[in-house]
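One letter stands for each residue in the lines below.
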Amino acid sequence: MRYKTLDSSLYIKNRKNFMKQMPARSLAVFNANDVMPLNADGTMTFWQNSDLFYLSGIDQEETKLVLFPDFDNDSWREILFVTETNEHIAVWEGHKYTKEEATAASGIQTVMWLSQFETVFNTLMAEAEQVFINTNEHIRNASPVETRDMRFIKWCQERYPAHQYRKAAPILYDLRAIKDPLEITQMERACKITEDAFRRSLKFVKPGVKEYEVEAEVLHEFVRQGSKGFAYTPIVASGANACVLHYIENKDVCKDGELLLMDVGAEYGNYNADMTRAIPVNGRYTQRQKDVYNAVLRVMKECYKILRPGNRIPEYHKEVGKLMESELLGLGLLDKTDIKNQDPNNPAYKKYFMHGTSHHIGLDVHDVANIYREFEPGMVFTIEPGIYIQNEGLGIRLENDVVITKDGHHDMMANIPIEIEEIEEIMNS
């Protein structure tokens, strides 16, 4: 791996926590993600299934994990299946896990070749009554692509129709919401790589550069430091493009007098960072840009105070909405009549701030969790307020990644420049 792997004790602990919640005579199956095809014989970069990685630390395609905590043969209570390599695969694709390497990475003592799966699984199913299947139940999931997990579920239910089937997601989503200190170290590394790339871009941006050139500067630093690259499709949006929330073309020229909104984050060891800044293309903010920028920054600083243990996302977002309403009144974008006549289900502030302020982040950028669960130490959130004024071609969003602690929070991006004076100083030094 190009990244520093975590100790197998993390995955041993994760599996134990999951299996504690499995009833008697039940097993669970997790599959690697597919290597997604392009045209002809091309493929996309492989990205491991987050649940499988969380439970095993194995970062290789065509992997299966089976957990059966009370199976009579204790050596079969955890079984990892990996692809058996050969000289042809080694020449064309490179090294694959040996059984010994898979055990070292995962802490799983019983590692078998994938070709043994059906025979072994048939023996396990003869003793199992319930099967935990893995489904992508993230509230934002809208993928039409059939995953390896979904194909397995169809195969399993057809072959073993008399078993009871249950969802693994509710258990995993509760567990994954609280990050282990080892996971935080990977996320902090992703944030540091993101910081270095941002500082590099501050020295590069000037009137006349293209958005995709800025994207390239950021990507160079990401990959140079052991990241696979962007944690998500980057947004590098100059001028009015910043008012398109998911602008990803990154094709235009950055012009003198415009702001450049950069929503970028590095991946590291399958964990993710998510940062947004809005910087002046020519190195100096105009007064109007400063006024709007500081309004967003004030909201952000207040968010830190309420993103604390005991609060919940719905109530938190309502509080942030009130903060944003006040700032928009101060900027003259809303007036008291707008507030008086607003629809409670569609507050007036949403004309200029139409997205949520925070989401969970971890193995997935929009990480899995119950949004109605109270904030607890170890949860990691983004904080990302913004103001988008379409008729002015002005969009500003600021975003950091924050760990909830017992007494408040730990900002993993505290060292990334965000104050106007610091950004201007770096860009003009």
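If you're wondering where the values come from, they're calculated on a predicted model, not measured in any experiment.

S.K.: Looking at this model, I keep getting lost on the overall build of the protein chain. Mind explaining?
M.R.: The secondary structure content of the protein chain amounts to 13 helices and 16 strands. What you see for the protein chain is a C-alpha radius of gyration of 24 Å, in line with the 22 Å of a compact globule of 429 residues. With respect to the three principal axes, the spread of C-alpha positions in the protein chain is 70 × 50 × 40 Å. Per-residue burial for the protein chain yields a buried fraction of 54% across its 429 residues. For the protein chain, the proportion of contacts with a sequence separation of at least 24, taken over those separated by at least 6, is 72%. A total accessible area of about 19,600 Å² is found for the protein chain, and carbon and sulfur atoms account for 50% of it. Each charge sign in the protein chain was given a centre, from 49 positive and 65 negative side chains, and these centres are 3 Å apart.

S.K.: Help me understand the UniProt feature "domain: Aminopeptidase P N-terminal" (unreviewed entry) in the protein chain, please; the structure alone is not making it clear to me.
M.R.: The positions UniProt marks with the feature "domain: Aminopeptidase P N-terminal" (unreviewed entry) are residues 6-142. Across residues 6-142, helical content stands at 32% and strand content at 17%; the span's end C-alpha atoms are separated by 31 Å.

S.K.: Is there a simple way to explain the environment of L172 in this structure?
M.R.: If you trace the backbone, L172 turns up in helix α7 (residues 169-177). Residue classification places L172 among the buried positions, given a relative accessible area of 0%. Each C-alpha atom, one on L172 and one on D51, is 7.4 Å from the other, the two residues being 121 residues apart in sequence. Residues in contact with L172, not counting those within four places in the same chain, are F18, F30, D51, Y54, L55 and N134.

S.K.: In this structure, what is going on with the sheet that holds strand β5 (residues 130-133)? I would like to understand it.
M.R.: Strand order in the open sheet made by the 6 strands is β4-β3-β2-β1-β5-β6, with mixed pairing throughout. On the outer flanks of this sheet lie β4 (110-113) and β6 (164-167), each paired with one strand and no other. Sheet twist, expressed as the mean angle between neighbouring strand axes with direction ignored, is 25 degrees. Against the sheet, helix α4 (residues 99-106) engages β3 (78-82) and β4, with an angle of about 135 degrees to β4. Along the sheet, helix α6 (residues 148-159) contacts β1 (26-31), β2 (64-67), β5 and β6; its crossing angle with β1, the most-contacted strand, is approximately 140 degrees.

S.K.: I would appreciate a short explanation of the pairing of β5 in the present structure.
M.R.: One face of the sheet, then the other: side chains in a regular strand alternate in exactly this way. The side-chain alternation of β5 yields two buried faces, one formed by Q130 and F132 and the other by V131 and I133. Here β5 runs beside β6; their pairing, made up of 4 bridges, is parallel. By the bridge assignment, I133 is partnered in β6 with K167. With α6 bridging β5 and its parallel neighbour β6, the resulting β-α-β unit is right-handed.

Criteria and thresholds
- Residues numbered from 1 in each chain as written.
- Predicted model: local features only at pLDDT ≥ 70, side-chain atom pairs only at ≥ 80, totals over all residues.
- Heavy atoms only, no water.
- Helix = DSSP H or I, 4+ residues; strand = E, 2+ residues; numbered from the N terminus.
- Rg over C-alpha atoms; globule rule 2.2 N^0.38 Å.
- Buried < 20%, exposed > 50% of the residue type's maximum accessible area, 1.4 Å probe, protein only.
- Contact = heavy atoms within 4.5 Å.
- Areas by Shrake-Rupley, 256 points an atom, 1.4 Å probe, with all protein chains shown as cover.
- Lys, Arg positive; Asp, Glu negative; His and termini not counted.
- Charge placed at Lys NZ, Arg CZ, Asp CG, Glu CD.
- UniProt positions renumbered as here; feature names shortened; annotations may be inferred.
- Pairing = 2+ DSSP bridges.
- Axes fitted to C-alpha atoms, helices over the stretch in contact; angles between N-to-C directions.
- Right-handed = clockwise from strand over helix to strand, strands pointing away.

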